[in-house]
Amino acid sequence: MAQKFVRIFSLLMTLLYVGLGIFLITIDKAKLNLNISDEVRMVLGGVLILYGAVRFIRVYQVSKKSRRYRDEE
């Protein structure tokens with residue numbers, strides 16, 4: 001039960017990182033009123049998207065490995 005919760009939480013965090021990255025890249029600077037340059041905002045958004053993708057791959061690999069381990073028992 002705890003493993004399922006951790007997997008779901010990890011997937012939700014992955015979506016949050018990717019969503020925040022997309023949000024930072026697409027939002028109008030005037031609406032958000034941030035004191036950072038467009039370049040920094042774009043780089044930060046890209047880093048968040050990449051981190052979310054890497055995290056998703058890791059969660060998928062661990063989930064696949066645990067499923068394979070359960071099937072062998």
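Each remark here, short or long, concerns the structure printed above.
Residues numbered from 1 in each chain as written. Predicted model: local features only at pLDDT ≥ 70, side-chain atom pairs only at ≥ 80, totals over all residues. Heavy atoms only, no water.

Student: Is there a simple way to explain the packing of aromatic side chains in this structure?
Tutor: Here a ring pair, both rings aromatic, is described through the centre-centre distance and the interplanar angle of the planes. According to the stated counting rule, one finds 3 aromatic pairs in the structure shown. With a centroid separation of 6.5 Å and 20° between ring planes, the pair formed by F56 and Y60 is classed as stacked. Of the two residues, F56 and Y60 both sit in helix α3 (residues 38–72), 4 residues apart, roughly one turn of that helix. (Phe/Tyr/Trp six-rings, centres within 6.5 Å; stacked < 30°, edge-to-face > 60°. Helix = DSSP H or I, 4+ residues; strand = E, 2+ residues; numbered from the N terminus.)

Student: Looking at this structure, how should I read the pattern of salt bridges?
Tutor: Opposite charge on two side chains allows them to pair when their charged atoms are near. Overall, the coordinates contain 1 salt bridge when judged by the stated rule. Two residues, D38 and R41, come together in a salt bridge whose shortest N-O distance is 3.1 Å. Of this pair, D38 and R41 both sit in helix α3, separated by 3 residues, roughly a single helical turn. (Salt bridge = Lys/Arg side-chain N within 4 Å of Asp/Glu carboxyl O.)

Student: Help me understand the side chain of R55 in this model?
Tutor: In this structure, R55 sits in helix α3. With relative accessibility at 19%, the residue R55 sits in the buried group. Other than its neighbours up to four places away in sequence, R55 contacts S10, M13, T14 and Y17. (Buried < 20%, exposed > 50% of the residue type's maximum accessible area, 1.4 Å probe, protein only. Contact = heavy atoms within 4.5 Å.)

Student: How do you make sense of the environment of T14 when you look at a structure like this?
Tutor: Overall, the relative accessible area of 5% leaves T14 in the buried class. For the pair T14 and V54, spaced 40 residues apart in sequence, the C-alpha separation works out to 8.8 Å. Beyond its immediate stretch of four places on either side in the chain, T14 contacts G52, R55 and F56. Looking at T14, its side chain comes within polar contact range of the main-chain oxygen of S10, at 2.9 Å. (Polar contact = N/O pair within 3.5 Å; in protein donor to acceptor, adjacent residues only side chain to side chain.)

Note that all results are geometric; they support no functional claim without further evidence.
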